[in-house]
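# Inside the fold
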Amino acid sequence: MFEELIGDWDGEQVVVHHERSMSTWMFVGVHSTVLGPAMGGTRLKSYSAPAEALDDVLRLSSAMTLKHAAADTPFGGGKAVIAVPDVPAPGSEDRRAVLLRYAELVGSLHGTYVTAADMNTGEADMDTIRERTSYVLGRSKANGGAGDPGAATARGVFHGIEAAVRHAFGTDLVDRSVLVQGLGSVGGRLVEHLHDADATLLVTDLDASRASSVAERTGARVVAPEDVIRTECDVLSPCATGKVLTEATIRHLRCRIVAGAANNQLGVAEDGERLRDAGILFAPDFVINAGGVIHLAGYETLGWDEATMAKRLEAIGDTLLDVFERAERDGVSTAAAADRMARARVAAARG
């Protein structure tokens, strides 16, 4: 299975390590170093099989190449997964042991791959990894890092939604209905921005108490998770897991725009065309959710100040408007237009 997955991948390098004593698999995918060292987050997750974890790494590292190219950061695409039997609790000795061993693996690549936080990892974990390697971004501010990039991701998604609404409706967000699916680090913050912009809010989360708390604070209406796809709204904003836009779900959507923070929202590439055929404006995820990598690159690599960062996050909206215009001009889906734009930047750098 490993051989088939890697054989179908167009990346540069895959590192596979099995830590037998911990019953843990570690995968690092270096998809591209054309624009700079491969940079991407580390997922700490339990999988049904190692091949499933490898598939995640290969898909996500490819998407990171496009994300960095679209965001114009000095990095290429990479991703890592630590596949554990059970996710160890934050602060536990088991978690520390796994992270330190993983840090040694990252260090052995001598800068080809630079890691950061992702699913089930955060700035405290990056602090631990930094004990064994310098090739890590997103440490806590107390330890010299830029801290959690979730706020920057949320701000970038907000600007992207503003741009999409302006393109689709010719208006601002006042009284436009936005359904935010997933109220974690990014989705929860996004709701606050939308509330400040006087949008009409709908929210949903697998954690019912979290959804109720956000709704009480912002005046949002709670939608049951199983009803999200069929709920009427102006904007659906997926901010949880990926692959929510498929042949099976797109036919039931009752929104004009899909614009959210989740990675890999399309089930397959053809779903971009399905959205276009359905008259739904899609904000490609690797463009709209690039605020996190912009935050890390800007503060920890490029030395930006807050004003520069604010302008770069706002520019995510401008990039999306460019994508929308390219799609209309070329008669393709917005997903295809964004893909072409990012790949052209990588090709130009290679050339």
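Within every chain, residues take consecutive numbers counted from 1 along the sequence as written. Two thresholds apply to this predicted model, a pLDDT of at least 70 for residue-level local features and 80 or more for giving and counting side-chain atom pairs, whereas whole-chain, interface and lining totals are computed over all residues. Hydrogens are left out, water is left out, and the side-chain values use all remaining heavy atoms of the structure.

## Focus: the overall build of the chain
Secondary structure elements follow DSSP: runs of H or I of four or more residues count as helices, runs of E of two or more count as strands, with numbering from the N terminus. Scanning the chain from terminus to terminus reveals 13 helices and 11 strands. Every radius of gyration here is taken over C-alpha atoms, with the globule rule written as 2.2 Å times N^0.38, N being the number of residues. A globule of 351 residues ought to have a C-alpha radius of gyration of about 20 Å, and the chain, at 19 Å, matches this closely. Dimensions of the chain along its principal axes, counting C-alpha atoms only, are 55 × 50 × 45 Å. When each of the 351 residues of the chain is scored for burial, the buried share is 55%. Any two residues whose heavy atoms approach within 4.5 Å are treated as being in contact. Put simply, of all contacts in the chain between residues at least 6 apart along the chain, 64% involve residues at least 24 apart. The method behind every accessible area is Shrake-Rupley, applied with a 1.4 Å probe, and residues are considered shielded solely by the protein chains displayed. Roughly 14,900 Å² of accessible area belongs to the chain as shown, and the carbon and sulfur atoms make up 47% of that amount. Burial here depends on accessible area, computed with a 1.4 Å probe over protein chains only, as a share of the maximum for the residue type. Under 20% is buried, over 50% is exposed, and the range in between is partly exposed.

## Things to note about helix α7 (residues 208–218)
Listing the buried residues of α7 in full gives Ala211, Val214, Ala215 and Thr218. Down the axis of α7, the sector holding all buried residues measures 100 degrees, keeping them to one side. Of the exposed residues in α7, those oriented more than 90 degrees away from the buried face are Ser209 and Glu216. Where the residues of α7 are buried, they touch α6 (187–196), β7 (200–204) and β8 (221–222). The arc in question is formed by the directions pointing from the helix axis toward the C-beta atoms.

## Notes on the environment of Thr334
You can see Thr334 is positioned in helix α13 (residues 334–350). The exposure class assigned to Thr334 is buried, which follows from its relative accessible area of 11%. Sequence spacing of Thr334 and Leu275 is 59 residues, and the spatial spacing of their C-alpha atoms is 9.2 Å. Leaving out residues up to four positions away in the same chain, Thr334 has contacts with Leu281, Phe282, Pro284, Val323, Phe324 and Ala327.

## Brief notes about helix α11 (residues 291–300)
Buried residues dominate α11, accounting for eight of its 10 residues. Within the span of α11, buried status applies to Gly291, Gly292, Val293, Ile294, His295, Leu296, Ala297 and Gly298. Those residues of α11 that are buried lie in contact with β3 (38–45), α2 (50–71), β5 (113–117), α5 (150–169) and α12 (306–330).

## Quick word on the side chain of Gln181
Here Gln181 shows up in strand β6 (residues 177–181). Gln181 sits in the buried class, given a relative accessible area of 18%. In this view, Gln181 contacts Thr204, Val228, Ser237, Pro238, Cys239, Ala240 and Val244; residues no more than four positions away in its chain are not counted.

## Focus on the nonpolar core
A general trend in soluble globular proteins is that nonpolar side chains are found buried together. Ile161, Leu173, Val180, Leu190 and Leu194 are the most contacted members of the largest nonpolar core, which has 47 residues in total. Looking at which element gives the most residues to this core, the answer is α5, with seven residues. Not counting residues up to four positions away in its chain, the partners in contact with Leu173 are Phe158, Ile161, Glu162, Val165, Val178, Leu194, Ala197, Asp198 and Ala199. Here, the term nonpolar core denotes a set of buried Ala, Val, Leu, Ile, Met, Phe, Trp, Tyr and Cys residues that are joined through side-chain atoms within 4.5 Å. Ala38, Ala80, Val106 and Tyr113 belong to the second largest nonpolar core, which has 20 residues in total.

## Quick word on empty space enclosed by the protein
Cavities and pockets were defined on a 1 Å grid built over protein atoms only: a cavity is a set of grid points that admits a 1.4 Å probe from which the probe cannot escape, a pocket is an open set flanked by protein on both sides within 12 Å along at least five of seven lines, and lining residues are those with an atom within 4 Å of any such point. Grid points are joined across faces, edges and corners, and a volume is the space filled by probe spheres set on the points. In this structure the tally under the stated criterion is one cavity of 30 Å³ or more. The computed volume of the largest cavity comes to approximately 50 Å³. Together, Leu60, Ala63, Met64, Lys67, Lys79, Asn263, Asn264, Asp285 and Phe286 line the largest cavity. Residue assignment for the lining of the largest cavity shows that the elements contributing at least two residues are α2 and α10 (285–288). Per-element accounting of the lining of the largest cavity gives the leading share, four residues, to α2. Any residue outside Ala, Val, Leu, Ile, Met, Phe, Trp, Tyr, Cys, Pro, Asp, Glu, Lys and Arg is labelled polar, Gly included; the first ten of those are nonpolar and the last four are charged. Residue composition of the lining of the largest cavity, by class: four nonpolar, two polar and three charged.

## As for the layout of surface pockets
In this model, the second largest pocket occupies a volume close to 850 Å³. Contributing to the lining of the second largest pocket are 30 residues, with Arg59, Ser62, Asn264, Val268 and Ala269 lying nearest its centre. Elements supplying a minimum of two residues to the lining of the second largest pocket: α1 (2–7), α2, α10 and α13. Residues that form the lining of the second largest pocket fall into these classes: 13 nonpolar, six polar and 11 charged.

## Here we look at the sheet that holds strand β11 (residues 281–282)
As summarised here, the arrangement of the six strands in space is β8-β7-β6-β9-β10-β11, forming an open sheet in which the pairing is parallel. In this open sheet, the two strands that pair with only one neighbour each are β8 and β11. Packed onto the sheet, α7 meets β7 and β8 and runs at close to 165 degrees relative to β7. Should DSSP find at least two bridges between two strands, the strands are regarded as paired. The axes are straight lines fitted to the C-alpha atoms, using for helices just the contacting stretch, and the angles between their N-to-C directions are given from 0 to 180°.

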